[in-house]
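Architecture and fold: a report
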Amino acid sequence: MGLFDKKFCDICGEKIGMLGNRKLEDGNMCKDCAKKLSPFCDDRRHSTLEQMKAHLQYREENKNVLRSFSPSITLGEDKKIYIDQMNRTFVVSRNKPGSWAEENPDVIPLSQITSCGLDIDEDRDEIYTQNGQGQRVSYNPPQYKYYYNFKLKFLVNNPYFDDFEVRLNNFRVEGMGSMEYNRYQKMAMDIMNALGVNGTMPMNNMGMGGMPMNNMGGYAPQGNMYGQQMGGYQQAPYGQPQQNMGYQQNPYGQPQYAQPQQNMYAQQAPQQAPQQNMYAQPQQGYAPVQNNAYAAQPVTQAWTCPSCGAQNDTGKFCASCGAPRG
């Protein structure tokens, strides 16, 4: 077949326009059929025609499941996470319930989540100043403003996709440890706790460079600013949070942070006996020195020179004539 030969969709049979072909591993798909795929499907080019047909069949069945989806918890800002506690399922969408007919967001059982971790992306903008000629120049050393984006990364045991991410913030968050920074960290914890999943959090206020990864792709649990370890959220019936290592549930259903605990990995400073300061100033007279050959000797009495009759207070020789003390 030539490059400009007409192509037909191997799924619906419709003719594919010049720029409308979506290649499969062993066939072609039109852009209209491709629009029906899950937004979490990112491996189309390596999928076979049969796999795509099965995927589209699943998407049709998802429409029926979506009709009975009734969210009882809504969390997030950019993309929201809607949780149906009764059916133990959730949906990720920017749109509100009732406007999902065309979007057809995936209804995912909570039991399919195998891992969830918070990923904080760091970006920076250089700050400039002006020199004597009014030109914009860098500081020495350069100075920066730091910005952050918060993403929850999910691994799921789903036959049609195996991972996806949910961005929590609409706009870049300025400043590590700022009020907004801490708010999105808490939002991530609330979402993982509400989903009842094994969530992991990066170390707070330590940046993301060199963070160890666990075997599920999330960040390994680390100590945070409250002295607790994240991760290990317990599974709760209907997605209700239980007490965990990160924070406790209060009687009103709002999470509150646990009291700080001592870090088990903190290095303990060795106990040392106080030492005498060799340079300390004596309080009265000469400070006593033990076992010191140069310790102060008792003061001798005054004496009269046998040669010139001069009075001397101390010493072995006369201060007037230099004669030795008798």
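Treat the numbers as computed from the prediction; the structure is a model and nothing was measured.

Structural notes on unusual backbone geometry
Outside of glycine, negative phi angles account for most residues, and trans bonds account for most peptide bonds. The omega torsion across Asn140 and Pro141 is 0 degrees, close enough to zero to call that bond cis. Mapped onto the fold, Pro141 is located in strand β10 (residues 136-156). Positioned with a positive phi, Arg88 is a non-glycine residue whose angle comes to about 55 degrees. Here Arg88 lies in the loop between β6 (80-84) and β7 (89-93). Given the relative accessible area of 24%, Arg88 is considered partly exposed.

Things to note about the packing of aromatic side chains
Under the definition given, this model contains 13 aromatic pairs. Judged by centre distance (5.2 Å) and plane angle (85 degrees), the ring pair of Tyr148 and Tyr181 falls under edge-to-face. Residue Tyr148 is found in strand β10, and its partner Tyr181 is found in helix α3 (residues 179-195); the two are separated by 33 residues along the sequence. Take Tyr148 and Tyr181: they sit in the same class, and that class is buried. Ring pairs connect the aromatic residues Phe40, Phe90, Phe154, Phe161 and Phe164, which therefore count as one cluster. The residue whose ring lies beneath Arg124 is Tyr144, and the NZ or CZ to ring-centre distance is 3.9 Å.

As for the environment of Glu180
Tracing the backbone through its elements, the reader meets Glu180 in helix α3. Relative accessible area serves as the criterion here: at 35%, Glu180 is assigned to the partly exposed category. Sequence-wise, Glu180 and Asn169 are 11 residues apart; in three dimensions their C-alpha atoms are separated by 9.5 Å.

A word on the sheet that holds strand β8 (residues 108-109)
Reading across from one edge, β5-β6-β7-β8 is the order of the four strands in this open sheet, with antiparallel pairing throughout. Sheet topology places β5 (73-75) and β8 at the edges, where each strand pairs with a single neighbour. One ladder, built from five bridges, connects β6 with β7; its direction is antiparallel. Within β7, the position partnered with Asp84 by the bridge is Thr89.

What to know about the pattern of salt bridges
Using the criterion set out here, one finds 12 salt bridges in the structure. For the salt bridge of Arg59 with Asp106, the shortest nitrogen-to-oxygen distance reads 3.3 Å. Taken together, the residues span a long stretch of sequence, with Arg59 in helix α2 (residues 49-67) and Asp106 in the loop between β7 and β8 at a distance of 47 residues. Looking at Asp106, the relative accessible area reads 2%, which means it is buried. In this structure, Arg94 and Asp78 form a salt bridge, with 3.3 Å as the shortest nitrogen-oxygen distance. Taken together, the residues span a long stretch of sequence, with Arg94 in the loop between β7 and β8 and Asp78 in the loop between β5 and β6 at a distance of 16 residues. A residue is classified by how much of its surface remains accessible, and Arg94, at 53% relative accessible area, is exposed. Residues joined by salt bridges that share partners form a network here, namely Glu77, Glu180 and Arg183.

Overview of the nonpolar core
Judged by nonpolar contacts, the single largest core of 34 residues is most densely connected at Phe90, Phe154, Phe164 and Leu195. Ranked by residue count, the leading element in this core is α3, at nine residues. Residues within four places of Phe164 in sequence aside, it is in contact with Phe40, Phe90, Val92, Ile108, Leu152, Lys153, Phe154 and Val156. One finds Ile16, Ala34, Leu49 and Met52 within the second-largest nonpolar core, a separate group that totals 12 residues.

Remarks on α3
What sets the pattern is the α-helix's 3.6 residues per turn: residues three or four places apart point alike. Taking 1.5 Å of rise per residue, 17 residues should cover 24 Å, and α3 covers 24 Å from first to last C-alpha, within 8% of that figure. Burial of α3 is extensive: 12 of the 17 residues sit out of reach of the surface. Tyr181, Tyr184, Gln185, Met187, Ala188, Met189, Asp190, Ile191, Met192, Asn193, Ala194 and Leu195 are the residues of α3 that are buried. Note on α3: the residue one or two positions beyond its end, Gly196, has a positive phi of about 65 degrees.

Thresholds, definitions, all that
- Residues numbered from 1 in each chain as written.
- Predicted model: local features only at pLDDT ≥ 70, side-chain atom pairs only at ≥ 80, totals over all residues.
- Heavy atoms only, no water.
- Helix = DSSP H or I, 4+ residues; strand = E, 2+ residues; numbered from the N terminus.
- Buried < 20%, exposed > 50% of the residue type's maximum accessible area, 1.4 Å probe, protein only.
- Phe/Tyr/Trp six-rings, centres within 6.5 Å; stacked < 30°, edge-to-face > 60°.
- Lys NZ or Arg CZ within 6 Å of the ring centre and 35° of its normal.
- Pairing = 2+ DSSP bridges.
- Salt bridge = Lys/Arg side-chain N within 4 Å of Asp/Glu carboxyl O.
- Core = buried A, V, L, I, M, F, W, Y, C linked by side-chain atoms within 4.5 Å.
- Contact = heavy atoms within 4.5 Å.
- Expected span 1.5 Å × (residues − 1).

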